[in-house]
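Now for the letters of each chain:
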Amino acid sequence: MILQRSSKKSTLKEVSRTNAAEARKLSNDNAPKLVDKLFNEAVTKLDEKIKISAANGNYNANLIINSSKDIMDKVIQRLESHYQNEGYEVKVRGLWLEKMFMVSWQK
């Protein structure tokens, strides 16, 4: 049994334990939601960076993406498709435990 202190009250409540198989299933079931969330956040941030870069006379923008490798790869794949369909040149650079996603629009 694990006890956890409630933040609003000074009481302890019992928290159920999860074994590795249950945690893995829960993570696998929720991974698509996480990919969607990270993709949408990345598009919002990168679109804003593109507007700022273009307004400053630059021809590129980038975003650092940091997550577990399988999640990060799925997000990057969706970003590549999204921005290539918008006419941007796309590059991805692997960094240590993260990737830099870059778009450019100079021809």
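Placed above this text is the structure.
Keep in mind that what you see is a predicted model, and the values were worked out from it rather than measured.

What counts as what
Residues numbered from 1 in each chain as written. Predicted model: local features only at pLDDT ≥ 70, side-chain atom pairs only at ≥ 80, totals over all residues. Heavy atoms only, no water. Helix = DSSP H or I, 4+ residues; strand = E, 2+ residues; numbered from the N terminus. Polar contact = N/O pair within 3.5 Å; in protein donor to acceptor, adjacent residues only side chain to side chain. Phe/Tyr/Trp six-rings, centres within 6.5 Å; stacked < 30°, edge-to-face > 60°. Buried < 20%, exposed > 50% of the residue type's maximum accessible area, 1.4 Å probe, protein only. Pairing = 2+ DSSP bridges. Axes fitted to C-alpha atoms, helices over the stretch in contact; angles between N-to-C directions. Contact = heavy atoms within 4.5 Å. Salt bridge = Lys/Arg side-chain N within 4 Å of Asp/Glu carboxyl O.

## Describing the side chain of S53
So, point 1. Within the secondary structure, S53 sits in helix α1 (residues 20-55).
So, point 2. Within polar-contact distance, the side chain of S53 engages the backbone oxygen of N60 at 3.1 Å.

## Notes on the packing of aromatic side chains
Aromatic ring pairs are defined here through the distance separating the ring centres and the angle between the ring planes.
So, point 1. Across all of its chains, the model carries 3 aromatic pairs by this definition.
So, point 2. On the numbers, 5.7 Å between centres and 70° between planes, the contact of Y83 with Y88 is edge-to-face.
So, point 3. Residue Y83 is classed as buried on the basis of its relative accessible area, which comes to 1%.
So, point 4. With centroids separated by 6.0 Å and ring planes inclined at 50°, the aromatic side chains of Y83 and F101 adopt a geometry described as tilted. With Y83 in helix α2 (residues 69-85) and F101 in strand β5 (residues 98-104), this pair connects stretches of sequence that are 18 residues apart. Neither residue differs from the other here; Y83 and F101 are each classed as buried.

## Observations concerning the sheet that holds β5
So, point 1. Here we have 3 strands laid out as an open sheet, ordered β3-β5-β4, and antiparallel in their pairing. Unpaired on one side and paired on the other, β3 (60-65) and β4 (89-95) mark the two borders of the sheet. On average, each strand axis in the sheet is inclined to that of its neighbour by 20°, with strand direction left out of account.
So, point 2. As defined by bridge partners, β3 adjoins β5 across 6 bridges and the pair is classed as antiparallel. When the sheet's bridge partners are listed, A61 is paired in β5 with V103.
So, point 3. Against the sheet, α1 contacts β3 and β5, and its axis sits at roughly 150° relative to β3.
So, point 4. Contacts from α2 reach β3, β4 and β5, with the element oriented near 0° to β5.

## Observations concerning the pattern of salt bridges
So, point 1. Per the stated rule, a full pass over the model turns up 6 salt bridges.
So, point 2. Residues D29 and K25 are paired through a salt bridge, measuring 2.7 Å at the closest nitrogen-oxygen approach. With D29 and K25 both in helix α1, this residue pair falls 4 residues apart, about one helical turn.
So, point 3. Judged by its relative accessible area of 43%, D29 is partly exposed.
So, point 4. Taking the relative accessible area as the measure of exposure, K25 reaches 51% and is therefore exposed.
So, point 5. Several salt bridges share partner residues, and in doing so they unite K69, D73 and K99 into one network.

## A few points about the pairing of β5
So, point 1. The buried fraction of β5 amounts to 5 of the 7 residues, a majority that puts the element mostly inside the structure.
So, point 2. Strand direction decides the pairing type here: β4 and β5, joined by 7 bridges, are antiparallel. Bridge assignment links V92 to a residue of β5, and that residue is F101.
So, point 3. Turn length for the β4-β5 hairpin, with the two strands adjacent in sequence and antiparallel, is 2 residues, and the turn residue L97 shows positive phi of about 65°.

These figures come from the coordinates and say nothing about function on their own.
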